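Read off the chains here:
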Amino acid sequence: MAELQLKSLEKTYGNGFKAVHGINLEVKEGEFMVLVGPSGCAKSTTLRMIAGLETVTGGEIRIGDQVVNDLVPGKRGIAMVFQNYALYPHMKVRRNLSFGLRLKRQPKDQIEQSTQVVSNILEIEELLDRLPKQLSGGQAQRVALGRALIKEPDVFLFDEPLSNLDAKLRASMRVRITDLHKRLRSEGRPATVVYVTHDQVEAMTMGDRICVMKDGHIMQVADPATLYERPANAFVAGFIGMPEMNLVPAVLSSNGAARLTLAGQTIMAGPDLTARLQTADGPVTLGIRPQHLEVLEDGAAEAFSGTISNLEFMGHEVNVHARVGDATFVAVVPTERFDTTLQRGDKVGLRPIAARLHLFDPETGENVSLADQNS
Amino acid sequence: MVSYSELPNPAHNTGDAPTQLELKLRRKARINSALRYTVLAVIGLIMVYPLIWLVGASFKTNSEMFSSPGFWPSEPTVQGYIDGWKTSTPYTFGHFFLNSLWIIIPKTIGTAISCTLVAYGFARFDFPGKNILFATVIATLLLPNVVTRIPQYLLFRDIGWLDSFLPLWVPSAMAGDAFFVFMVIQFLRAIPRDMEEAARVDGATTLQTLIFIVVPMLMPALISVCLFQFMWTMNDFLGPLIYISSVEKYPVSLALKLSIDTTEAFAWNQILAMSVLALTPSLVVFFMAQKYFIEGISTGGVKG
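Residues numbered from 1 in each chain as written. Chains lettered and ligands numbered in written order. Predicted model: local features only at pLDDT ≥ 70, side-chain atom pairs only at ≥ 80, totals over all residues.

## Here we look at the UniProt feature "transmembrane region" (unreviewed entry) in chain B
Residues and elements named next belong to chain B.
Inference 1: Here, the residues flagged by UniProt with the feature "transmembrane region" (unreviewed entry) are residues 34-56, 96-120, 132-156, 168-188, 209-232 and 266-289.
Inference 2: Spanning residues 34-56, this segment combines 100% helix with 0% strand, and its end C-alpha atoms are found 29 Å apart.
Inference 3: Structurally, residues 266-289 comprises 92% helix and 0% strand, and the distance from its first C-alpha atom to its last is 36 Å. (UniProt positions renumbered as here; feature names shortened; annotations may be inferred. Helix = DSSP H or I, 4+ residues; strand = E, 2+ residues; numbered from the N terminus.)

## Remarks on the sheet that holds strand 1 (residues 4-12) of chain A
Residues and elements named next belong to chain A.
Inference 1: Ordered by their spatial adjacency, four strands build an open sheet running 2-1-4-5, and the pairing between neighbours is antiparallel. The open sheet is flanked by strand 2 (18-27) and strand 5 (66-67), the only strands paired with a single partner.
Inference 2: Bridge count for strand 1 against strand 4 (residues 58-63) is five bridges, and the pairing is antiparallel. Note on strand 4: the bridge partner recorded for Leu-4 is Ile-63.
Inference 3: Helix 1 (residues 43-51) rests against strand 1, strand 2 and strand 4 of the sheet, and its axis sits at about 115° to strand 1. (Pairing = 2+ DSSP bridges. Contact = placed C-beta atoms within 7 Å. Axes fitted to C-alpha atoms, helices over the stretch in contact; angles between N-to-C directions.)

## Observations regarding the environment of Ala204(B)
Inference 1: With respect to the helices and strands, the residue Ala204(B) is situated in the loop between helix 9 (194-201) and helix 10 (206-235).
Inference 2: Setting aside its immediate chain neighbours within four residues, Ala204(B) contacts Gly74(A), Leu103(A), Ala199(B), Thr209(B) and Phe212(B).

## Comments concerning the pairing of strand 19 (residues 347-352) of chain A
All names here are of chain A.
Inference 1: What you see with strand 19 is a clean split: Val-348, Leu-350 and Pro-352 sit on the buried side and Lys-347, Gly-349 and Arg-351 on the side with no burial.
Inference 2: Sheet topology note: the strand 15 (residues 293-297)/strand 19 ladder contains five bridges and is antiparallel. The partner of Glu-297 across the bridge, within strand 19, is Val-348.
Inference 3: Looking at chain direction, strand 16 (residues 304-313) and strand 19 are connected through four bridges and run antiparallel. When the sheet's bridge partners are listed, Phe-304 is paired in strand 19 with Leu-350. (Buried ≥ 20, exposed ≤ 12 C-beta atoms within 10 Å, placed from the backbone.)

## What to know about the interface of chain A and chain B
Inference 1: Facing the 17 residues of chain A at the interface are 14 residues of chain B.
Inference 2: Among the secondary structure elements, those contributing two or more residues to the side of chain A that touches chain B are strand 6 (78-81) and helix 2 (93-103) of chain A.
Inference 3: Here the side of chain A that touches chain B is composed, by residue class, of 12 nonpolar, four polar and one charged. (Nonpolar A, V, L, I, M, F, W, Y, C, P; charged D, E, K, R; others polar.)

Shown next, in the form of structure tokens:
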């Protein structure tokens, strides 16, 4: 096992398109790092560069203390799990698992033993003599996982391994992979993992740390809680969390205490926000998660007055969509606390919980309300 | 028009007798398909009749052949096969079959190997001049064979390959058949690269990836290539006619013509008997590999 370092890593394609803009990332030994972002954010390209399947056009990749930029994939000490499993269709599961070891000319009994150990861990012993086309999606993905595991690599690379599975199976595979990672750690051979996904649920539940990417830039690298509580910018704030954080243009005016004005309505934001502020008065982007927006009676103190435009009943909670001027807020209310008399067109008060309010620079998108703690 | 399958399924309304309209429609559909199959069968028979006649006539005597039009011999005899096999030359027909084999085997194997290598290069790697080279390959596909006959002949004459099998198979074994290269490329393009990337991550070199991963996946296409090459070479008449001058080296296609040339009165039953034999290898090979063959050409064609 080894740590992985990306230093000013760049990727420019032959046609001049720059996909990765000098990113720096350090994945510690035994860490589970998730690369997440919308499609086209170059997360897969980054992973493929680490794997050696794409050439590096700038910067360097280090695995352990070795620069691997110019090494072929097989010499980098990595193993990769692909989105569509990429099992060799003409080989039985047993040979799929052992292909890498056979190429290395390991002794036969050793290969046999490794195959047994790995198939035991992943519960695929009874599949060893099947062909890939005789496997279900979940089984195929476990075999693909086994093919990576058997090599005992320094770094595991996962390229959206669960996105071809149905929702139920995805959840169980998620647990299986994190369990496996913990198990290897407790057995004293921690696995360094880089896991690419576009699914924030996977990212939040699996990652020790998460690297949020956009357009070939890293937006923030942090553990899931920090990412959720203290997003570094509006992009991360909007990307992480379900439903999305409300991001609404507003005007900040501080006269001793911070006030926010939106559609002609002004509320006091409370001393907590005032203390955190890092910006001068003027236009800002107000950010508040739907879970942190209280739905009150119209006219409640320090609340925006809005009109309900839609109600979505989700079972355990209700999503309340309300318009304040031109802006639309979404608030999530637990079903048991939801006032069932509310209807579309009713007026309600929307009060952001001050401690959970974020303000972002409307130009740069940077979070300007993080001052009190070290970000 | 209502097709048969769209009609109400009697299984669903058991007990209810079909209405007049249903019966009428069903009868109409049945007549329709009967008509279609009859037309198909008749046309099919017309097309295949010469072949059936060929097989039947090979068991006839020479005199019966032109006296009765039917394909069934009145006095079946294998004399045509026996005489035909002996030929009018010092060699038996078996010798000519072997000659054909000595051309076909290196040509087929060479084609499969060389086409795979070239196609793999074009389909999977970027190299300077790739587009121009690929355009050249496609251009040779469009070039009529006849155009290159004379320059090729002069070339092989200068190398000293005349009256040997070499001019017949060496160009193909060097991926000279652009059609096959193109076919394999199209097939390869339809195969996702992930398996090859997985193999590279597993530590395989480019050649190992090709041999252990790509070639097994290419099998249907390669079988089609071999099959085509086999049949076309077996049937090739012009190539051997140009390059091979001594009877000792004649392949089957020339040997068949031989029996027409040398005898004063044509022994048609011998010629037909040997024609049947000459057809057999192609047919046997085709039916053996039919499953892969169809998979090979259809996948290459549709997805490419």
